[in-house]
Amino acid sequence: YLVEVAPYTADPYVNVSQYYRETYVSNPPVGPERRPWKYPREQDDTNFMETGRWLDDDFFSAMRLAGLCPLSTARIGSRALPVTTALRMLNTRFDWNQAVRRVSGLSFRQALLRKRLYMEYFPSLENIDVEANARVQTYANRTYDLPLAVFVLPRREELFRVVAIQIGTDKDSSTVYSPTTSSFFWWNYAKLYVGNAGVLASQLQYHFHDAHMTGLRFSIASRRQLPSSHPLRLLMDYHTSNVREVTTKGLVSFVGPDGYLKDFFTIGLNGQGAALRHAYQAWSYEKMDLEKEIRMRGVQNLPYHPYYHDSQKYINILHQYVEEYLKLYYCCDSQVQEDQALQSWAGYIANDIFGGQKGLPESINSL
């Protein structure tokens, strides 16, 4: 489509932005089949703070799947969040049966057996130490209280609904907030606390580690193992050419001892380091497969999951693009196996760079 958009600029990202403005803003297409998304915005939601929409519980629930961390939610009982793990953390003194029944008409056990219970959970923030920092009003060295937001999908509804929010993972003493048992102030405080955890996880885990640091791994390996004219090197350089400089500077300017994020994030410098270590330990190559990650979390059948549904179209386009590109240089699997530079590149990422990468094969045997 981009070749039909004129005039061009030298920046491909500007071209993409121009394409969307001209095609979908100035002249929106007719019919959902022509849209690149399943849930297009029908109005500007950027002023939700001014309008008070953030106070709405359904808006809060929707943002768990269309906000900063759409991959932090899992079904209780999925491979990513086994029932035993969830029950180990949920406060046993809170009446979860009544809370779930109020929203869905089902008991906790019924909703669990019918695969309708979900939780937003941030493992990268679990058991991290927070140092005192007056600038963000954290005045005592302590362990970060991890929030657990529990949701249920009522029958014949598209969006799951929030049941309660627990702050802390101690099943005997953690405080649980709900719309009916908590005051207006404390209930919205709990939702803001979950939102703050989402900011921490999105920026430290999903953004800095999973995007920048993962891109840096592939960028360095391509520079060190592939000739400058290698087809994979050309492809990787185009998409990761700036990641080395940006990530290196980011380590100093953002998350280093003299970086300024420690004064913005409520977990401080020590907390940042711990969250990044947790993200590194949990990362594997398989997590880059969105379909596998979604199924592992058990959220593939949710009627409303904008991030997943919209991403499917883009992933299919990317797969087709990469496949057609590689077929220009490799006609069969044997040519892939005989490419020594390619095999060295795969082995270097799997075993050497940054201590090796879990889940990445040491050799590539097929196109």
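Refer to the preceding data block for the structure.
Predicted model, so just to flag it, every value in this text is computed and none were measured.

J.: I keep staring at the packing of aromatic side chains and nothing clicks. Help me out?
T.: Here the distance between the centres and the angle between the planes together describe a pair of aromatic rings. Within this structure, the stated rule accounts for twelve aromatic pairs. Taking 6.1 Å as the distance between ring centres and 25° as the angle between the ring planes, the aromatic pair formed by Phe 60 and Phe 151 counts as stacked. Taken as a pair, Phe 60 in helix H3 (residues 57-66) and Phe 151 in strand S5 (residues 147-152) lie far apart in primary sequence, 91 residues in all. For the residue pair Phe 60 and Phe 151, the accessibility class agrees, reading buried in each case. Taken together, a centroid distance of 6.3 Å and an interplanar angle of 20° make the contact between Tyr 177 and Trp 186 stacked. Judged by relative accessible area, which is 12%, Tyr 177 ranks as buried. We classify Trp 186 as partly exposed; its relative accessible area is 41%. Taken together through their ring pairs, the aromatic side chains of Tyr 144, Tyr 177, Phe 185, Trp 186, Tyr 189 and Tyr 193 make up a single cluster. Positioned above the aromatic ring of Phe 60, the side-chain terminus of Arg 64 is 4.2 Å from the ring centre. Above the face of the Trp 283 ring, Arg 217 is positioned so that its terminal group lies 4.7 Å from the ring centre.

J.: Where do I start with the sheet that holds strand S7 (residues 175-177) in this structure?
T.: To summarise the sheet geometry, strands pair through backbone hydrogen bonds and adopt either a parallel or an antiparallel arrangement. The strand order S1-S2-S5-S6-S7 describes an open sheet built from five strands, whose pairing is antiparallel. Sheet topology places strand S1 (73-75) and S7 at the edges, where each strand pairs with a single neighbour. Adjacent strand axes in the sheet meet at a mean angle of 25°, parallel and antiparallel pairs treated alike. Looking at chain direction, S5 and strand S6 (residues 161-167) are connected through six bridges and run antiparallel. Of the residues in S6, the one forming a bridge with Val 152 is Arg 161. Against the sheet, H3 makes contact with S1, strand S2 (117-120), S5 and S6, and its axis sits at roughly 80° relative to S6, the strand it touches most.

J.: Explain the nonpolar core here, please?
T.: Buried together is how nonpolar side chains tend to be arranged in soluble globular proteins. Judged by nonpolar contacts, the single largest core of 70 residues is most densely connected at Leu 117, Met 119, Leu 125, Tyr 144, Ile 165 and Ile 267. At twelve residues, helix H7 (residues 184-225) tops the list of elements feeding residues into this core. For Tyr 144, the residues in contact, after removing those within four places along its chain, are Leu 125, Ile 128, Val 130, Tyr 193, Asn 196, Ala 197, Leu 200 and Ile 267. Met 236, Ala 341, Ala 346 and Leu 360 belong to the second-largest nonpolar core, a separate cluster that totals 18 residues.

J.: Help me out: how do you make sense of the pattern of salt bridges in this one?
T.: Between side chains of opposite charge, pairing is possible as soon as their charged atoms come close. Throughout the structure, instances matching the rule amount to nine salt bridges. With a closest N to O distance of 2.7 Å, Asp 57 and Lys 191 form a salt bridge. Placement of Asp 57 in helix H3 and of Lys 191 in helix H7 is noted, with a sequence separation of 134 residues between them. A residue is classified by how much of its surface remains accessible, and Lys 191, at 4% relative accessible area, is buried. Glu 293 is paired through a salt bridge with Arg 297; the nearest N and O atoms lie 3.0 Å apart. In this pair, Glu 293 and Arg 297 are both assigned in helix H11 (residues 290-297), four residues apart and thus about one turn of the helix distant.

J.: Honestly, the environment of Leu 367 in this entry has me stumped. Any pointers?
T.: For Leu 367, the position within the fold is in the segment after helix H14 (340-351). For the pair Leu 367 and Cys 332, spaced 35 residues apart in the sequence, the C-alpha separation amounts to 7.0 Å. The residues touching Leu 367, leaving out its near neighbours within four places in the chain, are Leu 326, Lys 327, Tyr 330, Asp 333 and Val 336.

Rules behind the numbers
- Residues numbered from 1 in each chain as written.
- Predicted model: local features only at pLDDT ≥ 70, side-chain atom pairs only at ≥ 80, totals over all residues.
- Heavy atoms only, no water.
- Phe/Tyr/Trp six-rings, centres within 6.5 Å; stacked < 30°, edge-to-face > 60°.
- Helix = DSSP H or I, 4+ residues; strand = E, 2+ residues; numbered from the N terminus.
- Buried < 20%, exposed > 50% of the residue type's maximum accessible area, 1.4 Å probe, protein only.
- Lys NZ or Arg CZ within 6 Å of the ring centre and 35° of its normal.
- Pairing = 2+ DSSP bridges.
- Axes fitted to C-alpha atoms, helices over the stretch in contact; angles between N-to-C directions.
- Contact = heavy atoms within 4.5 Å.
- Core = buried A, V, L, I, M, F, W, Y, C linked by side-chain atoms within 4.5 Å.
- Salt bridge = Lys/Arg side-chain N within 4 Å of Asp/Glu carboxyl O.

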